[in-house]
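# Structural overview
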Number of protein chains: 4
Amino acid sequence: MSDIKKAVLAYSGGLDTSVILKWLQDTYQCEVVTFTADLGQGEELEPAREKAKKFGVNEIYIDDLREEFVRDFVFPMFRANTVYEGEYLLGTSIARPLIAKRLIEIAKETKADAISHGATGKGNDQVRFELGAYALNPNIQIIAPWREWDLLSREKLLAYAEQHGIPVDMKHKQGGSPYSMDANLLHISYEGRHLENPAAEAEEDMWRWTVSPEKAPDAAEYLDIEFKHGDIVALNGKAMKAYEILAELNRIGGKHGVGRLDLVENRYVGMKSRGCYETPGGTILLKAHRAIESITLDREVAHLKDDLMPRYASLIYNGYWWSPERIALQTLIDHTQATVNGWVRVKLYKGNVIVVGRDSQTDSLFDSTIATFEDDKGAYDQKDAGGFIKLNALRMRIAANLHQRKK
Amino acid sequence: MSDIKKAVLAYSGGLDTSVILKWLQDTYQCEVVTFTADLGQGEELEPAREKAKKFGVNEIYIDDLREEFVRDFVFPMFRANTVYEGEYLLGTSIARPLIAKRLIEIAKETKADAISHGATGKGNDQVRFELGAYALNPNIQIIAPWREWDLLSREKLLAYAEQHGIPVDMKHKQGGSPYSMDANLLHISYEGRHLENPAAEAEEDMWRWTVSPEKAPDAAEYLDIEFKHGDIVALNGKAMKAYEILAELNRIGGKHGVGRLDLVENRYVGMKSRGCYETPGGTILLKAHRAIESITLDREVAHLKDDLMPRYASLIYNGYWWSPERIALQTLIDHTQATVNGWVRVKLYKGNVIVVGRDSQTDSLFDSTIATFEDDKGAYDQKDAGGFIKLNALRMRIAANLHQRKK
Amino acid sequence: MSDIKKAVLAYSGGLDTSVILKWLQDTYQCEVVTFTADLGQGEELEPAREKAKKFGVNEIYIDDLREEFVRDFVFPMFRANTVYEGEYLLGTSIARPLIAKRLIEIAKETKADAISHGATGKGNDQVRFELGAYALNPNIQIIAPWREWDLLSREKLLAYAEQHGIPVDMKHKQGGSPYSMDANLLHISYEGRHLENPAAEAEEDMWRWTVSPEKAPDAAEYLDIEFKHGDIVALNGKAMKAYEILAELNRIGGKHGVGRLDLVENRYVGMKSRGCYETPGGTILLKAHRAIESITLDREVAHLKDDLMPRYASLIYNGYWWSPERIALQTLIDHTQATVNGWVRVKLYKGNVIVVGRDSQTDSLFDSTIATFEDDKGAYDQKDAGGFIKLNALRMRIAANLHQRKK
Amino acid sequence: MSDIKKAVLAYSGGLDTSVILKWLQDTYQCEVVTFTADLGQGEELEPAREKAKKFGVNEIYIDDLREEFVRDFVFPMFRANTVYEGEYLLGTSIARPLIAKRLIEIAKETKADAISHGATGKGNDQVRFELGAYALNPNIQIIAPWREWDLLSREKLLAYAEQHGIPVDMKHKQGGSPYSMDANLLHISYEGRHLENPAAEAEEDMWRWTVSPEKAPDAAEYLDIEFKHGDIVALNGKAMKAYEILAELNRIGGKHGVGRLDLVENRYVGMKSRGCYETPGGTILLKAHRAIESITLDREVAHLKDDLMPRYASLIYNGYWWSPERIALQTLIDHTQATVNGWVRVKLYKGNVIVVGRDSQTDSLFDSTIATFEDDKGAYDQKDAGGFIKLNALRMRIAANLHQRKK
């Protein structure tokens, strides 16, 4: 029925992708290569190997991508203070391009002619996987089982699993998690079921990574964050790798109830959907990054970045990480970060991330001798402001004069 | 020395503007009209009348502008989810154009040929007052004493006051407030002195409107917020006037430690400055407004607004409220708010404003039959996504093909 | 095979849509309503009626939409100085939304449940028709035969025609026009065949509406153009209807070889394509509109419009005329045109449109007493410029000082 | 009266800057260094040396900056297809930053503490000189005589010249040129006098670099233009230096009447002014550059550039060439030009620059197998378009459904 001989599957080891694995073998009569990525989602990955073996898979990839993920995807994104629709820190969106890249690399290594994934036909993730894959290998074939098969309800999926000897654990038999979830070092997300009513409050026991602000410690905690070229390089004076930094920020943030978000967002495929997110480390990173930029970045450069940010965020949300326009914007963004060096002190307390101080030994543009309301000994000539205002007002005065004459 | 016969002074009744009043009379030999505005700053205004009378002022304006301020300035600004440099809610900026407008109106009523204000030559407020004034009356004369006189230190100011019989209260004799402050119904701000070191944490006893999150109640409070055309019209089911709503939001927010901000910002006149702000009501309003828009606004309209917002925010920050470009943007913004109707529920707890639900009886674009990951009975054909992705990928595939051929 | 009972077909009377008419009747066993629009394309429309009758069509619409087209679509678009990719005046794009609107209106009148059109699956027009239709009636069914049938080559199409007794004229038997063309009051376009090699010059005998600059008159012609609220209302002092104005501009422009364009453009569906266009009237209109705005529009409003224009152009090019974001932008654009009143004089000569003068009795913001390099008698204080420059330079001076200290 | 010991003067050798030279010596009692730049303005520069010597100047700089000007300023600007206010090619604006840079370099070499220039207090050039100078040396002192002295009319200037033995040639005695002019390799500009009435047509004998279209040759001329990384590297197959290319384009363009412009523009200092420009080579360059980008640049990258262009143009117009935001934008722009390689053929005829062909051996993204309306043998699946449209329409359909329900 098709000319596909070998397909690389993004395989989590869970029920859905296990059914896909089997379905691919049966439907396409093709060899399947499994690829399981450690993006810091906090799950055991070795069981995926055992399961894949049971299905007769010979080529099994289990990759630790945590450092690459944070260093080459998360950090570059935060250099732009990236937020989608004013709130969402793009935790799912930013992981997909890395998975797409590895799928294409593995397809090349294993001489596979197709890739496959478990994203549904309604969501953004299919777009992110596939746009990335096509951009990196224009001739790759892509199998998106959710858009092809007829296993569109959970019942059918379970029936298929049982029929084909795919182990279904107790949780799924009882209806599975009430939520569709995704996790990586940047965040964990929840969609579906109870959340499909945007009027209803999310249940407290849904949240997994953070305590509620109510249950967070009664004592605040201070954290010193050191930046180099726009990226965090040390916490409380201790230098760490990129992924260690994000893990540590998650730990501290989660402890203090930081980073929960309940949102209705606009999907690229056209509908609104409600999602809940926990992004403890990212929430701290965003606040701290804005703070270090506030003293090290030129005003107009900062405003240029702010103007471009929503566009950059949409590109990532919509799956265009590997597009030439995202790369062009990144060139500008990265260029601006050369001077973004220094430290920020934040205070964490029951859900709050409060910037309390910031400084840069090498790159501070804050000049208190000029900013002061006290006597500045001539650093700034207040009379200059008169001319500044006069010329900025000129066009409006000319218009107002015309307006008066017309009356 | 000048042809100014009568000047309208924006008069707070405090030491600085009292010195200005006297200085104007002496320096310009002109009549002075005083204008004191109630913008909800929470100070007694009648003492300003008494003081003005002592200086021989005959025309004394004390205006309650609270409703106009919130209805025609604060609310329109929040329709755009306006934030300057990612953080600042523009509490000072948005009050200046109203004061400028009243100064010009009063100048017309009293046949004054000049206006005067107490803003320094280093700050943004002089620009906001004067751009507004020039836009509304291109031929008005403006006296900005801080740019003219030589009373540039506090000592000289106090000496002048004493010399001219201007009462100096105990506070000022002891050095005055350690901060330069501004307050209105939207916020209170602090600048100067201890804050001029951006590395140093603000002192707890500086904050006036909010308790610290630590001292806020241990029990969260829920608040139902009703929107009509993008503005809040009722709280917990109770319809109120615009200024009453903002006052009530300030009360509740302040009680729960909501709305503190510690920021280094870029002034229009060119330097960076550090400011601390309390905007309890505005912080709630911003969150809630984004939430109601999230279900009632089209995606692309929302993104268009997000793209334009930083520019709109800069216009307000820089003093261009009365400019034709701000008004043009407002036309677009207001147009989009026709469908922004519905309610939002927020939970306030120790500094957090947490959106927990939102809905609109009349204008919700959230369609759970389409968004659901469950069987949607054909509302959405997942196969459509394949073509959607293919065509969006086409240009990148053509480029990747070229790239492969080149290698 | 389908539940479609009646379909409204955008029917030109030509071969392609005649085949579609028959194919719809046969394939869908449905009644067909034909709709033929007079958009000023300069073709006889009555033959379409005869042909439709021959196919047994009972409901035949032939509408003169010229005035609506120019007044409500072309003119509003030109208020924004709209150009796609720096060059293209959107002649085809702007006609599609009106056709979509009429298709939906006629479907309602005739109780049809579907519409159909003759645009191919590779072009932009299918998108423009269908996005418009869905936006105006979300439940309309759309039949796009080119995406469904197997008549994908000209030979198959001709064979089908012959087989079903559809008259094929001599031109088509001989291979038809070498170009795919579209015409309306704004332009005529050419695509395909010889043009598919972007390196090759278009052949002179392709162009239909304009003489070549070489063959244009040796004497220049002046034209006085009067604007009201951003639209042309009179030519050489003669008030005319909108469509008459555009027709007259086409006549004069075409005579002087104005408005030819040879372009490679980026289609919304993902590929580049080469098109040639003749837009004589539109080319004059664009030039003249910029000229009248140059003296009647505030600088920052003009710049805001320029910044938004490419986005607005893409919306129209991509088929989003009926989208809420296009309408929101239009609100802003139209608002700015209140003062765009006055006249422009252009000189037409062998392909050139040269603006030689412009003025506005009521709304000119040009103030020669200020602009003059001669003595202005105090209208402008040159010393103000010093302060203006100093404050605008401040942030760069602070940065340069830091830079010097670092070295 | 001042602490200035030595000033570098941008010296043309003309009357105005000769008066300034003398005035600086007298008023500031300082040594003056003269700097005369060859930017291709087409004037003899050696007379400037003689004149400077007569005034006792010891340090005389006469620099040939033509190659640097075109290579490092003009070409980078055209990579962005830069146009100010839809029309102006920024010929004056782009020369100023180079002069500012040399002034600062020479000040360093000669240990001067100030620079001076002959730009008036009403124009943009003062801003461009001074912003550039301050950005490059924050502590430089700047003397702008036109903002300081009282020689504000031509009569006073001539009187001063006569009084101080400054030779005044016949032309000036008779009232000088009727226009204020500026020239360099990119353009020549005219302002003032007769042009101050924007309704009046410019006189034919004003134009100096181009023949009128009427007087241009009756035979068209073709020109092959080769691009590498977005810059022209060869004309008609002949590789040349950057400045030679622009000179040759000026020659050919001028011969064919290309590049005249009559414009009312908005100055940065707040007023509208009318200028006439001749930019023959730049006009060809702009057209050709857009054409080569049309086949070598990705759609979204091209659109990103188009969206940013007006901002980039304003930065250059307003004098911010040396600002960090212009440099950040340049980083993005230059990055996009890596693939802008190939050739463009234009036809020049009586004022017209007509692109007739374009191609790239290495980087063409034009794929005729996909673009063709003929049978493409499966390169593109037309059915994909259905899904593409459906998902792009989804949000509008949901809104339309809501709208229907409301009625």
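Residues numbered from 1 in each chain as written. Chains lettered and ligands numbered in written order. Predicted model: local features only at pLDDT ≥ 70, side-chain atom pairs only at ≥ 80, totals over all residues. Heavy atoms only, no water.

### Things to note about the overall build of chain A
- What chain A contains, in helices and strands, is 14 helices and 14 strands.
- Sorting the 407 residues of chain A into buried and exposed places 66% on the buried side.
- Just so you have it, chain A exposes about 14,500 Å², and 48% of that area is on carbon and sulfur atoms.
- Averaging the locations of the 52 positively and 60 negatively charged side chains of chain A gives two centres separated by 3 Å. (Helix = DSSP H or I, 4+ residues; strand = E, 2+ residues; numbered from the N terminus. Buried < 20%, exposed > 50% of the residue type's maximum accessible area, 1.4 Å probe, protein only. Areas by Shrake-Rupley, 256 points an atom, 1.4 Å probe, with all protein chains shown as cover. Lys, Arg positive; Asp, Glu negative; His and termini not counted. Charge placed at Lys NZ, Arg CZ, Asp CG, Glu CD.)

### Quick word on the UniProt feature "binding site: ATP" (unreviewed entry) in chain A
Residues and elements named next belong to chain A.
- Mapped onto this structure's residue numbering, the UniProt feature "binding site: ATP" (unreviewed entry) falls at Ala-10, Tyr-11, Ser-12, Gly-13, Gly-14, Leu-15, Asp-16, Thr-17, Ser-18, Ala-37 and Gly-118.
- Mapped onto the fold, Ala-10 is located in strand E1 (residues 6-10).
- The exposure class of Ala-10 is buried, given its relative accessible area of 15%.
- With residues up to four places along the chain from it excluded, the contact list for Ser-18 reads Tyr-11, Gly-13, Lys-51, Phe-55 and Ile-166. (UniProt positions renumbered as here; feature names shortened; annotations may be inferred. Contact = heavy atoms within 4.5 Å.)

### Topic: the interface of chain B and chain A
- Contact residues are listed per partner, giving 102 residues for chain B and 101 residues for chain A.
- Here chain B is connected to chain A by eight salt bridges.
- Measuring nitrogen to oxygen at the nearest pair gives 2.9 Å for the salt bridge that ties Arg-358 of chain B to Asp-262 of chain A.
- Per element, the largest residue contribution to the side of chain B that touches chain A is 13 residues, and it comes from helix H14 (residues 384-406) of chain B.
- Looking at the side of chain B that touches chain A residue by residue, the class counts come to 43 nonpolar, 25 polar and 34 charged. (Salt bridge = Lys/Arg side-chain N within 4 Å of Asp/Glu carboxyl O. Nonpolar A, V, L, I, M, F, W, Y, C, P; charged D, E, K, R; others polar.)

### Observations regarding the nonpolar core
- Counting residues in hydrophobic clusters, the biggest one holds 417 residues, and the most contacted among them are Phe-69 of chain A, Phe-69 of chain B, Phe-69 of chain C together with Phe-69 of chain D.
- Residues contacting Phe-69 of chain B, with those up to four places away along its chain left out, are Leu-39, Val-74, Ile-94, Ala-95, Leu-98, Asn-184, Leu-185 and Leu-186 of chain B. (Core = buried A, V, L, I, M, F, W, Y, C linked by side-chain atoms within 4.5 Å.)

### A look at the pairing of strand E8 (residues 221-228) of chain A
All names here are of chain A.
- Where E8 and strand E13 (residues 342-349) come together, seven bridges link them in antiparallel fashion. Bridging from a neighbouring strand, Leu-223 pairs with Val-346 of E13.
- With four bridges connecting them, E8 and strand E9 (residues 231-235) associate as antiparallel partners. Note that in E9 the partner of Glu-226 across the bridge is Ala-234.
- Count of turn residues in the E8/E9 antiparallel hairpin: two residues, of which His-229 carries a positive phi of about 50 degrees. (Pairing = 2+ DSSP bridges.)

### Observations regarding the domain arrangement of chain A
- On domain assignment, one finds that chain A holds domain 1 (6-69 + 88-176), domain 2 (183-297 + 340-359) and domain 3 (379-406).
- Measuring from the centre of the C-alpha atoms in domain 2 of chain A to the corresponding centre in domain 3 of chain A gives 45 Å. (Domains from an automatic or database assignment.)

### Side note on the relation of the copies chain B and chain D
- Superposing chain B onto chain D takes a rotation of 180 degrees plus a shift of 0.0 Å along the axis, which leaves an RMSD of 0.0 Å. Here the copies are linked by what is in effect a two-fold axis. When C-alpha positions in chain B are compared against the rotation axis, the closest is assigned to Phe-388 of chain B, at 1.8 Å.
- Looking at chain B, 100% of its interface residues are interface residues in chain D too, so the copies touch through the same face. (Least-squares fit on C-alpha atoms with pLDDT ≥ 70 in both.)

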